[in-house]
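Read off the chains here:
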Amino acid sequence: PRQGHATLVQRRVADKAAECDALDEKLAAARRDVAAAECATLDAAATAAGAGGAAMTRDEFRRFGAGLREKTHRYKRLKGELSELRAEAVCLHRTEQVLRGRVADVDAFLRDLETRKGVRGYRDARARLEGAAAATAAADEDKARTLEEISEMVRDISTALRARKAELAPQIKKLRDVRAAYQALEADFAARKRGYDKVAVGLEVDRQQLERECDAYQEEALSEESRYHYLHALAAMADATRRRVDDEAARRAGRGRALLPNFASYEALYAHKVAQQQAFVDQLRKQKA
């Protein structure tokens, strides 16, 4: 019983010490707030004096005074709580000292008590269980805090999504109207494109037919042109031959200019050549004989 009461007192002392530390921090923050408020009051008074009376308005001064009173009241309240906690901590510390004085060696006493009761190692096992329970509680607290943060994040995201949807609702409505107009235009375009494709196919067939006809006519024209040039050449050759015949007939009749100085016509020229060839042949025959 003494050991349990001492342990309880130790825990309460530790808890109160932690509370005292937290209140010390709050009290320091309250002191800083009060000091800042006093500095602000002095600055406001100095500003009013330097501006020649252009001080804060009544409402601003009333709000400033209310804030200053609230910070002062908070400072006094925290100071009182800190005093009460310090007094309780002193009392608990004194109780701990009294209990420790009654049992000089609490650990030895408890080990001996555990041995007599047949539960040696009970305190160590209990300490381990309490540590595991504390760790589990801390983990559960962390999990709860994480879940709360996730829930808060989900709520923020949901709120942002709703706000974004509300913001985009007019644009979405406009987009739907534009999409409907686009679908109507697309249907009209598709119908006109089908008509265009049909006409284009017909025109393409006509074009190909015209190209084939043009190719055939071009081939025919080229053939006729070639035949024309051939006949023209034949006509030119025949005309030249006719002129040569007319010139030869005129030279035989004693009209016109002589063909060569020694020969009046082609007849005389070729007769001379034939006579030369005949004389050459006779000469060759005599040589062989």
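About the criteria used
Residues numbered from 1 in each chain as written. Predicted model: local features only at pLDDT ≥ 70, side-chain atom pairs only at ≥ 80, totals over all residues. Heavy atoms only, no water. Helix = DSSP H or I, 4+ residues; strand = E, 2+ residues; numbered from the N terminus. Buried < 20%, exposed > 50% of the residue type's maximum accessible area, 1.4 Å probe, protein only. Contact = heavy atoms within 4.5 Å. Areas by Shrake-Rupley, 256 points an atom, 1.4 Å probe, with all protein chains shown as cover. Patch = residues over 30% accessible without salt bridge, like charges linked within 9 Å, V, L, I, M, F, W, Y side chains within 5 Å. Salt bridge = Lys/Arg side-chain N within 4 Å of Asp/Glu carboxyl O. pLDDT = per-residue confidence, 0-100.

Examining the overall build of the chain
Part 1 of the argument: Looking only at helices and strands, the chain features 5 helices and 0 strands.
Part 2 of the argument: Traced from its N-terminal end to its C-terminal end, the chain shows the element sequence α-α-α-α-α.
Part 3 of the argument: A total of 289 residues make up the chain; the buried ones form 10% of that total.
Part 4 of the argument: The long-range fraction of contacts in the chain, counting pairs at least 24 apart against all pairs at least 6 apart in sequence, stands at 61%.
Part 5 of the argument: Counting every atom, the chain has about 23,500 Å² of accessible surface; 58% of that belongs to carbon and sulfur.

Observations concerning a nonpolar patch on the surface
Part 1 of the argument: On the surface, Y230, L231, L234 and M237 cluster together into a nonpolar patch covering about 400 Å² of accessible area.
Part 2 of the argument: Its location among the elements puts L234 in helix 4 (residues 122-252).
Part 3 of the argument: On the basis of relative accessible area, L234 is assigned to the partly exposed category, the value being 35%.

Things to note about the pattern of salt bridges
Part 1 of the argument: This structure, assessed with the given rule, holds 13 salt bridges.
Part 2 of the argument: With a shortest N-O distance of 3.7 Å, D177 and K173 are connected by a salt bridge. Within this pair, D177 and its partner K173 are both found in helix 4, separated by 4 residues, close to a single helical turn.
Part 3 of the argument: R207 is paired through a salt bridge with E211; the nearest N and O atoms lie 2.2 Å apart. Taken together, the positions of R207 and E211, both in helix 4 and 4 residues apart, correspond to about one turn of that helix.
Part 4 of the argument: Look at R207 and you get partly exposed, because its relative accessible area is 36%.
Part 5 of the argument: Each of the salt bridges in this network shares a partner with another, and the network as a whole consists of D239, R242, R243 and D246.

Digging into the confidence of the model for the chain
Detailed reading of the predicted coordinates is not advisable wherever pLDDT falls low.
Part 1 of the argument: Of all residues in the chain, 75% have pLDDT values of 70 or greater, and the mean over the chain is 78.
Part 2 of the argument: The secondary-structure element of the chain with the lowest mean pLDDT is helix 1 (residues 2-50), recorded at 63, while helix 4 shows the highest, at 88.
Part 3 of the argument: With pLDDT under 50 throughout, residues 49-54 is counted as low confidence; its partners more than four residues away or in other chains account for 2 contacts.

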